[in-house]
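# Coordinates in review
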Amino acid sequence: MEVPNASALSNNLGFGALLLLVPVAFFLVMTKLHRGSYAPATAPAAAPAYSAAAGATYQEQLRSDPCDAGPCRREFYMYRAQSDFNYPMQNVNTASLAGVMWYLHNEIVQSVPRKYDVTRVMRLKVTMMNTQEWWTTHQSQFGAYVAFDMGHCTVPNCQHIWDTYGYIVGCQAPNTGVANYRADRRTMKECNVGRCHAPIWYSLPGACPQMRYDMKTPFCKQNYPGGFAFASYNETTGLGRRDDWEVTGGRTATYHVDWAGEVTLDELVGIYNYSDFMSQGYREYDKVSDQGYGTTFWNGIHNESACRWRMNRLRDLLNQKIDTKYGTTSRFPRDLPEPMCDSGASS
């Protein structure tokens, strides 16, 4: 039997070791690529830092705001995080851009699967004008905020508010210490340091607000009509118009809502398939470590630059979708100034 020389043996061993390393390297590369497919295209850390001077100054906002002598009609965007289930935008809570990101980061994506089966963020173009009764008593544009759950108000004095002032749109600011999402403009008329650009939540009282969606009766909806200003169009008969609604500031015509685009959370975060993402043990965000596993999108809940980047990404995606669907149009401006939440009064 021929015995191989030392040189040949060394070459054979080197080639064998190389063969062993190839699948290992392939596995590492594919793992990196697979994990990277869940990450956003641009790292949040690259975003510009938030500046308190961004947008109009408080004095400029006050000078440009004609709504200091009585109820005023306003047009601005609200946002709502929601499941795939569709229902009317009445008897719901909505938020500003900063407010919906605050809600997603603190309430939704920490759970696996996502809490309340939230799958998307909708943008709503809202026209609003509250009642003279509220203004006369409280000298503010926004009313008292109330919470809704499954279409019914969960605050004990809801009906007293609406019986007294009409179906007013309410607002409030959540705890700004929880997440560092801030608006470009000042959003609070009266505020402590650090809260003047706070995220905002809104309440939109609709028909039969004292009952859940599945319990609202025709009698209840007729006698408690809510504040949504309807157009004359009748879906059953096909008669009437869709665009002749009017927000008058009357007790039952305080707001109107138009759909203005939506983005799925998977699109926002950069997740190709959420079920696959979960099955591999990944997690969008863990509060203790302040980071995600399988994605970096939500890393840094208190990082101003990262929070600003996430807000801008949502706004940009919504505008891209609207541009694709309708083209550049004045119907849905790329941005609308957020009004200040001036409701510091209770009922």
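These notes cover the structure that comes with them. (Residues numbered from 1 in each chain as written. Predicted model: local features only at pLDDT ≥ 70, side-chain atom pairs only at ≥ 80, totals over all residues. Heavy atoms only, no water.)

Within the protein chain one finds nine helices and eleven strands. Relative to its full complement of 347 residues, the protein chain shows a buried share of 45%. (Helix = DSSP H or I, 4+ residues; strand = E, 2+ residues; numbered from the N terminus. Buried < 20%, exposed > 50% of the residue type's maximum accessible area, 1.4 Å probe, protein only.)

Moving on, we come to the layout of surface pockets. If a probe the size of a water molecule is rolled over the atoms, the empty space left behind becomes visible. A volume near 710 Å³ is recorded for the largest pocket. As for the largest pocket, its lining consists of 26 residues, of which Arg80, Ala81, Tyr103, Tyr116 and Phe148 are closest to the centre. Residue assignment for the lining of the largest pocket shows that the elements contributing at least two residues are β1 (74-82), β2 (92-95), α3 (97-108) and β5 (148-149). (1 Å grid on protein atoms, 1.4 Å probe; cavity = no way out; pocket = protein on both sides within 12 Å on 5 of 7 lines; lining within 4 Å. Points joined across faces, edges and corners; volume = space filled by probe spheres on them.)

Applying the stated rule across the entire model yields 15 aromatic pairs. Cation over ring: Arg114 sits above Tyr274, and NZ or CZ is 3.9 Å from the ring centre. The ring of Tyr77 has Arg123 lying over it, and the distance from NZ or CZ to the ring centre is 4.4 Å. (Phe/Tyr/Trp six-rings, centres within 6.5 Å; stacked < 30°, edge-to-face > 60°. Lys NZ or Arg CZ within 6 Å of the ring centre and 35° of its normal.)

To continue, consider the pairing of β1. In terms of burial, β1 is a largely internal element, eight of the nine residues being buried. Strand direction decides the pairing type here: β1 and strand β3 (residues 120-128), joined by nine bridges, are antiparallel. Residue pairing for β3: Tyr79 is matched across the bridge by Arg123. (Pairing = 2+ DSSP bridges.)

Turning our eyes to something else, we now look at the environment of Trp298. Position of Trp298 relative to the elements: it lies in the loop between β11 (291-293) and α9 (304-326). With relative accessibility at 0%, the residue Trp298 sits in the buried group. Ignoring sequence-local partners within four residues, the contact set of Trp298 consists of Met101, Leu104, His105, Val109, Tyr181, Val269, Glu284, Tyr285 and Arg310. (Contact = heavy atoms within 4.5 Å.)

Two elements in contact, α3 and α9, have axes whose closest approach is 10 Å; the angle formed by their N-to-C orientations is 115°. It follows from the interaxial angle that α3 and α9 lie roughly perpendicular. The element α3 and its partner α9 pack so that their crossing is right-handed. Here Leu97, Ala98, Val100, Met101 and His105 of α3 come into contact with α9, specifically with Arg310, Met311, Leu314 and Arg315. Residues belonging to the contact of α3 with α9 are distributed by class as follows: six nonpolar, one polar and two charged. (Axes fitted to C-alpha atoms, helices over the stretch in contact; angles between N-to-C directions. Parallel < 35°, antiparallel > 145°, perpendicular 65-115°, else oblique. Left-handed = near helix turned anticlockwise from the far one by under 90°. Nonpolar A, V, L, I, M, F, W, Y, C, P; charged D, E, K, R; others polar.)

Moving on, we come to the side chain of Gln110. Residue position: Gln110 is located in the loop between α3 and β3. From its side chain, Gln110 meets the backbone oxygen of His105 in a polar contact 3.2 Å long. Ignoring any residue separated from it by four or fewer positions in sequence, one finds Gln110 in contact with His105, Arg283, Tyr285 and Lys287. (Polar contact = N/O pair within 3.5 Å; in protein donor to acceptor, adjacent residues only side chain to side chain.)

Attention now goes to helix α5 (residues 158-165). Listed in full, the buried residues belonging to α5 are Cys158, Ile161, Trp162 and Tyr165. Down the axis of α5, the sector holding all buried residues measures 90°, keeping them to one side. Buried residues along α5 sit against α4 (132-138), β4 (143-144), β5 and β6 (152-153). Positioned one or two residues after α5, Gly166 has a phi angle of 90°, which is positive. (Arc of directions from axis to C-beta.)

Within the secondary structure, Met128 is located in strand β3. Classification of Met128 as buried rests on a relative accessible area of 0%. Separated by 119 residues in the primary sequence, Met128 and Val247 place their C-alpha atoms 6.6 Å from one another. Leave out the neighbours within four places in its chain, and Met128 touches Cys72, Arg73, Arg74, Phe76, Gln141, Phe142, Val169, Val247, Thr254 and Tyr255.

A few words now on the side chain of Asp286. When you line up the elements, Asp286 lands in strand β10 (residues 283-286). One buried charged residue, Asp286, forms no salt bridge at all, with the nearest opposite charge on Arg283 at 4.2 Å. When near neighbours in sequence (up to four residues on either side) are disregarded, Asp286 contacts Gln291 and Tyr293. (Lys, Arg positive; Asp, Glu negative; His and termini not counted. Salt bridge = Lys/Arg side-chain N within 4 Å of Asp/Glu carboxyl O.)

One broad trend across soluble globular proteins is that nonpolar side chains are buried collectively. Formed by 40 residues in total, the largest nonpolar core has its most connected members in Val100, Met101, Leu104, Tyr181, Leu268, Trp298 and Leu314. Put simply, the parts of the chain that give this core at least two residues each are β1, α3, β9 (255-264), α7 (265-269), α8 (274-279) and α9. Within the second largest apolar cluster, 22 residues are counted, among which are Val126, Ala173, Met188 and Ala198. (Core = buried A, V, L, I, M, F, W, Y, C linked by side-chain atoms within 4.5 Å.)

Let us look at the pattern of salt bridges. Where charged atoms of side chains with opposite charge meet at close range, the side chains can pair. What the rule picks out here adds up to 13 salt bridges. Residue Arg114 pairs with Asp266 through a salt bridge whose shortest N-O separation is 2.9 Å. Residue Arg114 is found in the loop between α3 and β3, and its partner Asp266 is found in helix α7; the two are separated by 152 residues along the sequence. The exposure class of Arg114 is buried, given its relative accessible area of 6%. Salt bridges sharing partners connect three or more residues here, namely Asp184, Arg308, Arg315 and Asp335.

Moving on to α9. A turn of α-helix holds 3.6 residues, and therefore any two residues three or four places apart point the same way. Along its 23 residues, α9 runs 33 Å from first to last C-alpha, staying within 8% of the 33 Å computed at 1.5 Å per residue. The backbone nitrogen of Ser305 lies 3.0 Å from a side-chain oxygen of the residue at the head of α9, namely Asn303. Looking at the residues trailing α9, positive phi occurs at Gly327, about 80°. (Expected span 1.5 Å × (residues − 1).)

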